[in-house]
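What follows is each chain in one-letter form.
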Amino acid sequence: MEKLLEDIREKFQESARFFRGAKMAISFEGRTLTTEEINVIVNTICENSEIEISCVIDTDKAREAFFRQALEEKAKEEANRQPFGSGQFYKGTLRSGQALEAEGSIIMLGDVNPGARIVAKGNIIVLGALHGTAIAGLGGKKHAIVVALEMDPIQIRIGEVTARISGRRKVSDGAQIAYLDLGSIHIEPLCRDVIDEVSFS
C-alpha cells in the first residue's frame, strides 16, 4: 500500500498542470480496497493535484453512496472556510437591462450604468462608477462589502438588508465602501481605518 501511495503521489504531481481545475469521478479496479484505503488514496490524489473528485464509482452501491456523501460534506467544509468563494474578474461596462452574477466575489473594471445590476455571493469591487444596483452577500452573507471608485447607486443590498440612495446624488467624491453594521448599510470614504473596522466587525 505504501508503494502504491508513493506511485500515486508521484504520478499526480507530474501531471498536476494537465489536470489543473479538473472535476471528475474516480473508480478503482484490479485490487480490492477497504473503505479506509480508498479514503487515503482519494486524499493523496487531492493533496498532490488540483483535481476535484466529485464521486467515487463503486460496484458496491452502498459504499458508493457513502463516498458521495463524504465528498459533498468535504466540499461544504471548504466552502465554509472560504465564505466568499473564489474571485471573478470582469472587464467592460454593464448597460441598462444587463446583469452580471458571480458565485463568489467579483472585481469589475468598468461602470455599472443605471438599470444594470451586479450580483455576487461575496464582495463586489467596482473599479469604475456604480450607478445601477449592487447586491452583495447573496444568500445572507452579512459581512460582504461593496466598493466603488464612484459610488452613485440606485440601490445596494448586502445580505438581507437593502438601501435605496434617494435623490440619485453621489454619496461623496472618491472611492467609497458600503458595509452592513447593526442592521443598516453604511457608506463611507474608503480608508485604512474603515477597512480595519469592517474586517474585524
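Check the entry above for the structure.
Residues numbered from 1 in each chain as written. Predicted model: local features only at pLDDT ≥ 70, side-chain atom pairs only at ≥ 80, totals over all residues. Heavy atoms only, no water.

Undergrad: Give a detailed account of a negative patch on the surface, specifying residues and quantitative values.
TA: On the surface, E2, E6, E10 and E14 cluster together to form a negatively charged patch. Here E14 shows up in helix α1 (residues 2–14). By relative accessible area, which is 60% here, E14 ends up exposed. (Patch = residues over 30% accessible without salt bridge, like charges linked within 9 Å, V, L, I, M, F, W, Y side chains within 5 Å. Areas by Shrake-Rupley, 256 points an atom, 1.4 Å probe, with all protein chains shown as cover. Salt bridge = Lys/Arg side-chain N within 4 Å of Asp/Glu carboxyl O. Lys, Arg positive; Asp, Glu negative; His and termini not counted. Charge placed at Lys NZ, Arg CZ, Asp CG, Glu CD. Helix = DSSP H or I, 4+ residues; strand = E, 2+ residues; numbered from the N terminus. Buried < 20%, exposed > 50% of the residue type's maximum accessible area, 1.4 Å probe, protein only.)

Undergrad: Hey, could you go over α1 for me, with residue numbers and the actual values?
TA: Given a rise of 1.5 Å per residue, 13 residues ought to cover 18 Å, and the 18 Å separating the end C-alpha atoms of α1 matches this to within 8%. Three or more residues of α1 are buried, namely L5, I8 and F12. Seen end-on, α1 carries its buried residues on one side only, within an arc spanning 60 degrees. What points out from α1, more than 90 degrees from its buried face, is the exposed set E2, K3, K11 and E14. (Expected span 1.5 Å × (residues − 1). Arc of directions from axis to C-beta.)

Undergrad: Provide a residue-level description of the nonpolar core, including the pertinent values.
TA: Of all hydrophobic cores here, the largest spans 24 residues; its most connected members are V112, I118, I124, L130, V146, I156 and I158. Elements that contribute at least two residues to this core include exactly β4 (99–102), β5 (105–109), β6 (117–120), β7 (124–130), β8 (133–136), β9 (145–151), β10 (155–158) and β12 (176–181). Apart from residues no more than four positions distant in its own chain, L130 is found in contact with V112, I118, V146, A148, E150, M151, D152 and P153. Listed in part, the eleven residues of the second largest apolar core include I8, L33, I51 and I53. (Core = buried A, V, L, I, M, F, W, Y, C linked by side-chain atoms within 4.5 Å. Contact = heavy atoms within 4.5 Å.)

Undergrad: Residue-level account of the pattern of salt bridges, with values.
TA: Under the criterion given, the structure shown has three salt bridges. Measuring nitrogen to oxygen at the nearest pair gives 3.7 Å for the salt bridge that ties E101 to R117. Remark: R117 occurs in strand β6 and E101 occurs in strand β4; sequence separation between them is 16 residues. Under the relative-accessibility criterion, E101 is labelled exposed at 54%. In this structure, E103 and K121 form a salt bridge, with 3.0 Å as the shortest nitrogen-oxygen distance. Taken together, the positions of E103 in the loop between β4 and β5 and K121 in the loop between β6 and β7 put the pair 18 residues apart, joining distant regions of the chain. By relative accessible area, which is 30% here, K121 ends up partly exposed.

Undergrad: Can you explain unusual backbone geometry? Please cite residues and give values.
TA: Of note, the phi angle at L182 is positive, near 55 degrees, even though the residue is not glycine. Position of L182 among the secondary structure elements: in the loop between β12 and β13 (184–189). Take L182: its relative accessible area is 83%, and that puts it in the exposed class.

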